[in-house]
Amino acid sequence: MTTVFISYRREETAGEARALFNALVTRLGETSVFMDVDNIALGRDFRQVLQDQLASCDLVFALIGRDWLNAKNPSGQRRLDDPDDFVRLEIEVALKRNISVTPVLVQGAKMPGAQHLPESIRDFAYRNGFELSHNRWESDVQEMLRRSGLGEHRGRRTKDLLENVLNELSSYLPDLVS
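Residues numbered from 1 in each chain as written. Predicted model: local features only at pLDDT ≥ 70, side-chain atom pairs only at ≥ 80, totals over all residues. Heavy atoms only, no water.

Some remarks on the side chain of Thr 13
- Secondary-structure assignment places Thr 13 in helix α1 (residues 10-28).
- Those residues in contact with Thr 13 that lie beyond four places of it in its chain are Tyr 8, Leu 63, Ile 64, Gly 65, Val 106 and Gln 107. (Helix = DSSP H or I, 4+ residues; strand = E, 2+ residues; numbered from the N terminus. Contact = heavy atoms within 4.5 Å.)

This is the structure in structure tokens:
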């Protein structure tokens, strides 16, 4: 079963991340989608949970809003230049694992050029991305999932579940079926 990790900045793309999470859960099921605010239990070390999830997920959707590239921390430093920035770390780990890392452009954002990224995530600039538009959200999400190989999972899972239920029922009713 495919597991998806959603990487995003809360200050910038929390709404889009939530909408994408909900769409993915509908298609893949709750256990197949990771989003920090929904999947980290209270009292757990979120650094360890993020690391564990990134070590086992199949693909990452990295949401990029208009200010993603130049977002600053409280001291005025560009967040991507901080080696401890969680978004940077999430992308680094996924790139090192060589799994699918899809830049998801929202809010009219443009794909950052490699020269604008820290060395450790420069390859992110060469990953095939996808734009999600507010005006076409539903159809864009469906198309992105199709291109990511996730478009058919829900249908297959439902069909398999129905077949299993029918097989179970037929074993209880062998005389009525014949």
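Describing the environment of Ala 125
- Looking at the element boundaries, Ala 125 is found in the loop between β4 (100-105) and β5 (130-131).
- Taking the C-alpha atoms as reference, Ala 125 lies 5.1 Å from Ala 114; in sequence the two are 11 residues apart.
- Excluding anything up to four places from it in sequence, Ala 125 contacts Met 111, Pro 112, Gly 113, Ala 114 and Leu 117.

Remarks on unusual backbone geometry
- Within the chain, Asn 98 stands out as a residue other than glycine whose phi angle is a positive 60 degrees.
- With respect to the helices, strands and loops of the structure, Asn 98 is situated in the loop between α4 (86-97) and β4.
- When its relative accessible area of 60% is taken as the criterion, Asn 98 is described as exposed.
- Unusually for a residue other than glycine, Gln 107 sits at a positive phi of about 60 degrees.
- Tracing the sequence through the fold places Gln 107 in the loop between β4 and β5.
- You can call Gln 107 partly exposed: its relative accessible area is 23%. (Buried < 20%, exposed > 50% of the residue type's maximum accessible area, 1.4 Å probe, protein only.)

Remarks on the side chain of Glu 12
- As for its placement among the helices and strands, Glu 12 is situated in helix α1.
- Look at Glu 12: it is buried, it has no salt bridge, and the nearest opposite charge is Arg 9 at 5.3 Å.
- Setting aside chain neighbours within four positions, we find Glu 12 in contact with Gly 65, Arg 66, Asp 67, Trp 68 and Gln 107. (Lys, Arg positive; Asp, Glu negative; His and termini not counted. Salt bridge = Lys/Arg side-chain N within 4 Å of Asp/Glu carboxyl O.)

Here we look at the sheet that holds strand β1 (residues 4-7)
- Taking strand neighbours across the sheet as the criterion, the five strands line up as β2-β1-β3-β4-β5 in an open arrangement whose pairing is parallel. The open sheet has two free edges, formed respectively by β2 (33-34) and β5, since each of these has just one partner strand.
- Along the sheet, α4 makes contact with β1, β3 (59-64) and β4, crossing β1 at roughly 145 degrees. (Pairing = 2+ DSSP bridges. Axes fitted to C-alpha atoms, helices over the stretch in contact; angles between N-to-C directions.)

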